[in-house]
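The lines below spell out each chain.
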Amino acid sequence: MWSGAVVRLKQTSVMVPPSWRSRGFSMVEVLVAIVILSFGLLGVVGLQAAAIKNTRDARQQSVAVVLARELADMMRANPQVAARATNNPYHGNFSDNGSGMQPATVSNCLDVGSRCASANDIANAQMTEWLARVSNLLPGARVAICRDTAPYDANGLPQWACTSSATASQNIAFIKIGWLRENTKGQIVNTSDSGARPYILLPVTPSGQL
């Protein structure tokens, strides 16, 4: 039986090895970590910006190729007009000055309820619709369609200028398309700037023509 004596337990302390003790971070360590993280985030932002630019350029390039092929098909389907050396509705230099692009003769005879009286009217209507779409899809667009015996310069780069004697033996037309674009230095290049070049150059030979 207990005699009322108080039993006291001896309190013992447990020694925690130094490696187990809690240790905080100093202000210098936190600042260094923030600086390193900032550099990493800046790199990610730069990569994202480059990816957005490349995606935009690729999309515009793809759109321009599709537009050039569409016009080439329209010209091949209308060879009597597309093969003309002069007074050719498909040929010309067109620039978007902010109000869109239009051919020399605007025609809407391809609209529902209308009717084109001749192949020449069809060509004017096709160019009216096609140039409007180019203006809407490509910023600051420029288009040149012409016979050209020297579409590339001495360095093998495409050029806007057209050189042709307009003879029957030189019946290849070129569709040249350019638009406002950012170069590798981050500078905006307009199609009217010195040294600007077309980004799309597509040769076209009207059907049934040599």
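Here, every reference points to the structure presented above.
Residues numbered from 1 in each chain as written. Predicted model: local features only at pLDDT ≥ 70, side-chain atom pairs only at ≥ 80, totals over all residues. Heavy atoms only, no water.

### What about the environment of Gly98?
As for its placement among the helices and strands, Gly98 is situated in the loop between strand S1 (92–95) and helix H3 (119–137). Spatially, the C-alpha atom of Gly98 lies 8.7 Å from that of Ser135, the residues being 37 residues apart in sequence. (Helix = DSSP H or I, 4+ residues; strand = E, 2+ residues; numbered from the N terminus.)

### Points about the nonpolar core
With 28 residues, the main nonpolar core has Leu71, Met75, Trp130, Leu138, Ile145, Ile175 and Ile177 as its most contacted residues. The element contributing the most residues to this core is helix H1 (residues 27–77), with 8 residues. The contacts of Ile175, once residues within four sequence positions are left out, are Ala68, Leu71, Ala72, Met75, Ala144, Ile145, Ile200, Leu201, Leu202 and Val204. (Core = buried A, V, L, I, M, F, W, Y, C linked by side-chain atoms within 4.5 Å. Buried < 20%, exposed > 50% of the residue type's maximum accessible area, 1.4 Å probe, protein only. Contact = heavy atoms within 4.5 Å.)

### Things to note about the environment of Met101
Along the chain, the position of Met101 falls in the loop between S1 and H3. The spatial distance from the C-alpha of Met101 to the C-alpha of Ala132 is 6.1 Å, given a sequence separation of 31 residues. Contacts of Met101, omitting those with residues within four sequence positions, involve Phe94, Ser95, Asp96, Leu131, Ala132, Val134, Ser135, Ala141 and Val143.

### Quick word on the state of the cysteines
Counting across every chain of the model gives 2 disulfides. If one numbers only the bonded cysteines of the protein chain, in the order they occur, the disulfide pattern is 1-2, 3-4. (Disulfide = S-S within 2.5 Å.)

### Regarding the sheet that holds strand S6 (residues 200–204)
A sheet is described by the order of its strands in space; here 4 strands give the open sequence S1-S2-S3-S6, paired in antiparallel fashion. The open sheet has two free edges, formed respectively by S1 and S6, since each of these has just one partner strand. Along the sheet, successive strands turn relative to each other by an average axial angle of 10°, direction set aside. Examined bridge by bridge, strand S3 (residues 173–178) and S6 share 5 bridges and lie antiparallel to one another. When the bridges of S6 are listed, Ala173 appears paired with Val204. Taken strand by strand, H3 contacts S1, strand S2 (142–147) and S3, and its axis lies near 140° from that of S2. (Pairing = 2+ DSSP bridges. Axes fitted to C-alpha atoms, helices over the stretch in contact; angles between N-to-C directions.)

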